[in-house]
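Overview (structure and organization)
Below, each chain spelled out in residue letters.
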Amino acid sequence: MIPYTVNIKLAARTLTGTLNLQNKPAVDWGWQGLIAQGCHSSILIIDPKTTQTIQVLERHKATVVKVKWSRENYHHSLSSPYSLRLASGDASGKIIVWDVVSGTAHCEIQEHSKPIQDLEWLWNQDASRDLLLAVHPPNYIVLWNGDTGTKLWKKSYAENILSFSFDPFDPSNMALLTSEGIVFINDFTPAKPPGSTGKKVYIASPHASPAHNKPAPAPTAPAPTGAKKALNKVKVLITNEKPTAEAVTLNDCLQLSYLPSKRNHMLLLYPREILILDLELSQTVGVVAIERSGVPFTQVIPCAQRDALYCLHENGCITLRVCRSTTAPDEAAGRNLVYDLRSQCDAIRVTKTVRPYRMVICPVSENSAGLTVSDGRVMLWELKAHTGRSSLSPLYSPVSFCGAPLANNQKRIQELSLNTMISQTLIAGEAPPPSSSQQEVQLKFLLTGLLSGLPLPPFAIRMCPPLTTKNINHYQPLLAVGTSNGSVLVYNLTSGLLHKELSVHSCEVRGIEWVSLTSFLSFATSTPNNMGMVRNELQHVDLPTGRCFAFRGERGTDEPAIEMIKVSHLKQYLVVVFRDKPLELWDIRTGTLLREMAKNFPTVTALEWSPSHNLKSLKKKQMAAREAMARQTVSDAEPSTVESSVISMMQDAESKSETSQAISAREHFVFTDTDGQVYHITVEGNAVKDGARIPPDGSMGSIACIAWKGDTLVLGDVDGNLNFWDLKARLSRGIPTHRGWVKKIRFAPGKGNQKLLVMYTDGVEVWDTKEVQMVSSMRIGRNVNYRVLDIDWCTSDKVVLASDDGCIRVLEMAMKSASYRMDEQDLTDPVWCPYLLLPRASFTLKAFLLLQPWSGTFTMDISQVYVPYRSSTDMKSVLQDPELSLLQRCLLVSRLFGDESDLQFWSARLLSPGCHGYLDICHDTLCESGYFQKFQLDRVHLQEVKRSSYEHTKKCADQLLLLGQTDRAVQLLLETSADNSSYYCDSLKACLVTTITSSGPSQSTIKLVATNMIANGKLAEGVQLLCLIDKAADACRYLQTYGEWNRAAWLAKVRLNPAESSDVLKRWAEHLCSPQVNQKSKAMLVLLSLGCFHKVGEMLHSMRYFDRAALFIEACLKCGVMEANDSTNILLSVLLTAGAPAARPPWLPSRCADLHHACLPA
């Protein structure tokens, strides 16, 4: 026998549908690996790997307009565990911080009553990870403590703020996109509000920018076309003067964002252009333009791992554009930043009600995209790489995996992340890789998941027959949902997934009644014609096969609309009630019409079948007759076989009687007419008999609905009165609810369960009919902001409600919330999310995946460890690969856990001295000096090409002087026109640069002048003079003294030798560790780039990062960049004592045991 399990206890949940327009920006993909999406006032939590909704959060009363996952850029421990924390803002100005696992609100924040414009968790300092920055309309930014809901500070600005963006390289810089332009803030700090109002600049529209004064091209030069033509239009983009109304459209700019792939670059999105700005020059240096016939942009997301852009178009197409490599210096000198189209996915069919809303990118891998559509769909795309040549500049696959070179037989996962699929963009002066070491690749999008929502309301819902002891072997909790487009959706409420979608009708489904666990009847009515007649469709649907047939045959055209259908308790009979026509009585088993009532039959307003019948007595009589017949048949047989024959024939008779096809039991139904009179009808086989008639109750209005269970009959009227009849005691009791029309009433399933669900125009109530008292209530405007369209019970203690916001909710009887604990979920597919585990369990799993020193081979036998990614077998094989180094394993596990802090740390460590390759420019001053210098030279050459004013030329000359490019700087200084006020100074500076000598007196004089200039506030000019006489080290010290730490680090990387540069960067690291800055994590990355491994180990210990410290020291020892001496042994022993219990398995080697215990949670 096949084992089976039945989940009798269903979890509360919400089945969501179409989105509200205000939900458009409410979607976010977090480092935790989950997608959060707003749907009306609810928030869906989606697992993109298995395409399942694993949580729905409900507490907002207004439409959700923003959601934001907390960042994971902190060290995780038992005191700071992995947790699913989400902030959401709604249209009424309320912000809720959620504990997603439990489905509860951690805190609620309210400042104003207008929609939240933007939200962001601060990630840049080690003191607190609870700080949440919000934009409250019209012009306030407020910093909140997301843990307590306390307001830390508030700042107002002159213009309406639309959104903001933080500089990923310097968190003190942020940009506000306002209704009139951009406000740049350079003094942002969590400690206090910004002191200044910021630098206000205006955006000149790309199609109306003022012409620049660059000389016209030579007649022989070809006319610019396409993207180059668009670029020429935006030579001057950012101005300090407000443009005229004719020259600018304020709402043209859709989005602004700093580029995380390179410092001081910003992206501006227009419908037909993406502009890349160099903020040092305040000038456009690149453009992605759409041709006239192309589809406009709606959103763009810049990548951090590579210089690439994900773009969403109005037709739902997602495109990936990668910055083109330029390796020839002369080519670089005359080029723009060009982003080549490398891949695009299929578009969707856009209609009035179906259009793309937002795109999100996985922040861990940056090779997966999610698209939300207005009809509730979530489409999940993955980027795949395959070998092949392109007509564009070539893209190469990296020669390393997880930052280390591949061994001969080492396994790898190419699609692990974007930076494992394509190598970094080559810059001027770099030689392309030899063809033997790298393969040229092409990229393509693959649809890997589709999550569909409910269609537009209204809905008609009906739960399948309840769970009993007889059907427990094959019971499934199925909910049938009739939709406005004629289809019937069947959902399995155990998983919340769509079981079947059946196209049954050609018009709106009005009602559904189940006739067995696997079949149901549904009816639909078309729009009335001029005579008020409709086309009625009554279909019988068999669920396993999907077979549908018209239950009433050819009937149904040009007749009054069906009002309701009611199936008898034993599923023998069906009553079809019409609006202005007598009812019909059908035999469900044979599909025959038993009786069409006469024309003078009363008009039915409400009808219900009685639960009483005579099936048991009929079965007893039938069994007695069959037993007598069986005994008569075997009376002449052998006495020894008589008993067995009787038993076998009795069993056969019993099995036949189970179907009850031959038995027509007597059943009853009651109905009321327009006067409130109650009629009783008896049906048995083909016989239909009238019963008693009960006169109307004077206290009741027109009866709208009836419910009957056991000895209790309940009537509801159009005035909101409920009348409870105790048939056994012959008593009735009327209760005025004052809620208006009683639309529908249903008894809960289960023997002796006398709970009653009542639906009104303005909400729902649950009553206890034994005590005749209300148990719970839900009212629109008070508890909820949606209107209930249909109701039913899904279990004996849970109700299911269909509402006009397009959702269907399974709620507890108290009807408070559809949120639930995620560990109560019964999911179809297993979900990889360590954040769902208890803290100790998640850290034990992490230690298990990182280190197994007790075994010679790495095993995955931790009782069915499930690892993510569609090719989970590949991931398991890579984790078990003996060629995988500890460094690679640390980076791989940090990706699996979505641990932002770990990922940054191990990424910087892998490519430091002792390992091969170099960091991409997204790591900025952590990069290798030679690569960093080449990038800065390439950048200043591009700036030089794009300059369009004297100010631009001056900035380029200053940069060239700092970079040591004196010849080119002199040329630019000599370009100053004679009528310029700076002509004399620039000419003298050109002479100085040209004639400077390294003799002692001149150096002393220049150094003295530089020192005086710095002392009198001319820091930039003094630094230039010091660089001219090769005193860049002194210049760096002055910059650091005056607080220009980032500028000093930049200058050290481009001008100083390794020893001097190391001194400057070490002082910077000390500054970052100071209490007022408190960026020790960043300081560790700086020290890693310098190869100060012992210092990093000590810092990890002082910060109580014991697990990371132990792994780091072991990795350094294996890489050979740290020697196993007394100091390392002392550090390891201190780590063991501080961070782990003393228990140690006796078979472990000493150092491995220390390491193992340091990795496990204390």
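Going by the structure above, here's the rest.
Residues numbered from 1 in each chain as written. Predicted model: local features only at pLDDT ≥ 70, side-chain atom pairs only at ≥ 80, totals over all residues. Heavy atoms only, no water.

Further remarks concern the nonpolar core. Counting 133 residues, the largest nonpolar core has I43, I45, L84, L86, V100, L1051 and F1112 as its most contacted members. Broken down by element, this core gets its largest block of residues, eight residues, from helix α8 (residues 886-897). Residues within four places of I45 in sequence aside, it is in contact with L34, I35, A36, Q52, T53, I54, Q55, L57, W69, L86 and V100. (Core = buried A, V, L, I, M, F, W, Y, C linked by side-chain atoms within 4.5 Å. Buried < 20%, exposed > 50% of the residue type's maximum accessible area, 1.4 Å probe, protein only. Helix = DSSP H or I, 4+ residues; strand = E, 2+ residues; numbered from the N terminus. Contact = heavy atoms within 4.5 Å.)

Of all residues except glycine, most have a negative phi; of all peptide bonds, most are trans. Going from P137 to P138, the amide bond is cis rather than trans, its omega being 0 degrees. Geometrically, the link from P457 to P458 is a cis peptide bond, its omega value of 10 degrees lying close to zero. With respect to the helices and strands, the residue P458 is situated in the loop between β32 (441-451) and β33 (460-463). In this model, K571 sits at a positive phi of 60 degrees, which is unusual for a non-glycine residue. On the secondary structure map, K571 appears in the loop between β41 (562-567) and β42 (573-578). Among the residues examined, K571 registers a relative accessible area of 28% and is labelled partly exposed. Despite not being glycine, D1030 shows a phi value in the positive range, around 60 degrees.

Within the structure shown, the criterion is met by 20 aromatic pairs. Centroid distance W153 to F188: 5.7 Å. Interplanar angle 65 degrees. Geometry classified as edge-to-face. Of this pair, W153 sits in strand β13 (residues 151-156) while F188 sits in the loop between β16 (181-185) and β17 (199-203); the two residues are 35 residues apart in sequence, bridging distant segments of the chain. In this structure, W153 and F188 share a single accessibility class: buried. Consider the rings of F671 and Y679, whose centres lie 4.8 Å apart with planes at 5 degrees: the pair is stacked. With a relative accessible area of 0%, F671 lands in the buried category. Ring pairs connect the aromatic residues Y573, F601, W609, F669, F671 and Y679, which therefore count as one cluster. The lysine or arginine in question, R1108, covers the ring of F905, its NZ or CZ lying 5.0 Å from the ring centre. (Phe/Tyr/Trp six-rings, centres within 6.5 Å; stacked < 30°, edge-to-face > 60°. Lys NZ or Arg CZ within 6 Å of the ring centre and 35° of its normal.)

Moving on, we get to the packing of α8 against helix α21 (residues 1106-1119). Across the interface, α8 lies against α21 with an axial gap of 9 Å and an inter-helix angle of 145 degrees. Facing α8, whose interface residues are L886, L887 and C890, α21 presents L1111, E1114, A1115 and C1119. Tallied by class, residues from the contact of α8 with α21 come to six nonpolar, no polar and one charged. (Axes fitted to C-alpha atoms, helices over the stretch in contact; angles between N-to-C directions. Nonpolar A, V, L, I, M, F, W, Y, C, P; charged D, E, K, R; others polar.)

Glancing now at the sheet that holds strand β50 (residues 712-717). The four strands lie next to each other as β49-β50-β51-β52, forming an open sheet whose pairing is antiparallel. The open sheet terminates on both sides in strands that have one partner only, identified here as β49 (703-709) and β52 (731-736). Geometrically, the sheet is characterised by an average inter-axis angle of 15 degrees between neighbouring strands, direction not taken into account. Pairing geometry for β49 and β50, over six bridges, is antiparallel. Directly across from I703, in β50, lies its bridge partner D717. (Pairing = 2+ DSSP bridges.)

All right, on to helix α11 (residues 950-962) then. In this model, α11 (13 residues) spans 19 Å end to end at C-alpha, consistent with the 18 Å of a helix rising 1.5 Å per residue. Among all positions of α11, only H952, T953, C956, A957, D958, Q959, L960, L961 and L962 are buried. (Expected span 1.5 Å × (residues − 1).)

What follows covers a positive patch on the surface. Taken together, K470, K616, K620 and K751 make up a surface patch of like positive charges. With relative accessibility at 67%, the residue K616 sits in the exposed group. (Patch = residues over 30% accessible without salt bridge, like charges linked within 9 Å, V, L, I, M, F, W, Y side chains within 5 Å. Areas by Shrake-Rupley, 256 points an atom, 1.4 Å probe, with all protein chains shown as cover. Salt bridge = Lys/Arg side-chain N within 4 Å of Asp/Glu carboxyl O. Lys, Arg positive; Asp, Glu negative; His and termini not counted. Charge placed at Lys NZ, Arg CZ, Asp CG, Glu CD.)

With that out of the way, let us pick up the side chain of T63. Inspection of the secondary structure assignment puts T63 in the loop between β5 (52-58) and β6 (64-69). Look at T63 and you get buried, because its relative accessible area is 13%. Ignoring any residue separated from it by four or fewer positions in sequence, one finds T63 in contact with N20, Q22, N23, H40, S41, D90 and A91.

Right, let's talk about the environment of I565 for a bit. Relative to the elements of secondary structure, I565 occurs in strand β41. In this structure I565 comes out as buried when scored by relative accessible area, which is 4%. Separated by 27 residues in the primary sequence, I565 and L538 place their C-alpha atoms 9.3 Å from one another. Those residues in contact with I565, other than ones at most four positions away along the chain, are E513, L521, F523, L538, L574, V575 and V576.

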